[in-house]
Amino acid sequence: GPSTPAVGASFGIDRLLDALEKNLAIGPSTEIFIAPFYEQDKGSKPGQEGKIPEPEGNDSEKGRQKILREASKLAGGLRSLGIGVEVDVMERSMKKNFEYANRKGIPFFIVIGEDEARTGKIKAKEMATRKETEFGISDFRGIAKMAKGD
């Protein structure tokens with residue numbers, strides 16, 4: 001077609017949501033942050049502690065996938081009960097995830113690692129008090145009740 005002059009601009013959706021939270025009478029809707037965590041071998045690279053490693057073999061990949069699957073199931077179960085859940089998909093370190101949840105004012109923090117995936121038990125940490133409560137990894141109703149303050 002014929003050449004048409006135009007001007008355009010774009011903003012990332014995360015920046016728009018941040019602006020809405022700051023300027024409108026809405027707050028963050030995330031009540032629980034889930035951090036998948038894969039403990040690396042002692043030979044891990046500096047600065048990579050807590051990150052899900054690139055698969056080195058079939059067992060590593062199976063462990064990684066199990067952790068991510070459990071995190072996804074937990075998030076889905078809680079969301080189906082109306083709980084706002086955010087899952088780390090950026091593979092940040094545990095420290096960075098904790099700082100992020102604090103900065104965003106997310107009230108509860110759950111880690112799912114190898115032990116949690118194996119035992120089926122998780123601990124939900126209340127960020128304000130640092131109190132931890134243990135739940136079964138599929139106890140969606142119990143976790144939802146805690147998040148709602150019931």
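One can find the structure itself at the top, above this paragraph.
Residues numbered from 1 in each chain as written. Predicted model: local features only at pLDDT ≥ 70, side-chain atom pairs only at ≥ 80, totals over all residues. Heavy atoms only, no water.

**Considering the overall build of the chain**
Within the chain one finds 5 helices and 5 strands. In the chain, the succession of helices and strands from N to C terminus is α-β-α-β-α-β-α-β-β-α. Considering only residue pairs separated by 6 or more positions, the chain has 58% of its internal contacts joining residues 24 or more positions apart. As displayed, the chain has an accessible area near 9,900 Å², and 51% of this comes from carbon and sulfur atoms. (Helix = DSSP H or I, 4+ residues; strand = E, 2+ residues; numbered from the N terminus. Contact = heavy atoms within 4.5 Å. Areas by Shrake-Rupley, 256 points an atom, 1.4 Å probe, with all protein chains shown as cover.)

**Thoughts on the pattern of salt bridges**
Taken as a whole and judged by the stated rule, the model has 5 salt bridges. Of the charged contacts, one joins Arg 64 and Glu 91 as a salt bridge, the two residues approaching to 2.8 Å between their closest N and O atoms. Remark: Glu 91 occurs in the loop between β2 (85–87) and α3 (94–104) and Arg 64 occurs in helix α2 (residues 58–79); sequence separation between them is 27 residues. Taking the relative accessible area as the measure of exposure, Glu 91 reaches 22% and is therefore partly exposed. One salt bridge connects Lys 125 with Glu 132, and the closest N-O pair in it is separated by 3.8 Å. (Salt bridge = Lys/Arg side-chain N within 4 Å of Asp/Glu carboxyl O. Buried < 20%, exposed > 50% of the residue type's maximum accessible area, 1.4 Å probe, protein only.)

**Some thoughts on unusual backbone geometry**
Peptide bonds are mostly trans, and most non-glycine residues show a negative phi. Of note in this structure, Glu 91 is not a glycine but carries a positive phi near 55°. With phi around 65°, Arg 130 is a residue other than glycine that occupies positive phi space. Along the chain, Arg 130 turns up in the loop between β4 (121–126) and β5 (132–136).

**Notes on the packing of aromatic side chains**
Across all of its chains, the model carries 3 aromatic pairs by this definition. Considering the side-chain rings of Phe 33 and Tyr 100, the 5.6 Å spacing of their centres and the 55° angle between planes classify their relative orientation as tilted. Taken together, the residues Phe 33 in strand β1 (residues 32–36) and Tyr 100 in helix α3 connect sequence positions 67 residues apart. Grouping residues by exposure puts Phe 33 and Tyr 100 together as buried. With a centroid separation of 5.7 Å and an interplanar angle of 15°, the aromatic rings of Phe 33 and Phe 109 are classed as stacked. Placement of Phe 33 in strand β1 and of Phe 109 in strand β3 (residues 108–112) is noted, with a sequence separation of 76 residues between them. For Phe 33, a relative accessible area of 0% gives the class buried. Looking at Phe 109, the relative accessible area reads 4%, which means it is buried. Three or more aromatic residues joined by ring pairs make a cluster, and in this case those are Phe 33, Phe 98, Tyr 100 and Phe 109. The ring of Tyr 100 is capped by Arg 92, whose NZ or CZ atom sits 4.4 Å from the centre of that ring. (Phe/Tyr/Trp six-rings, centres within 6.5 Å; stacked < 30°, edge-to-face > 60°. Lys NZ or Arg CZ within 6 Å of the ring centre and 35° of its normal.)

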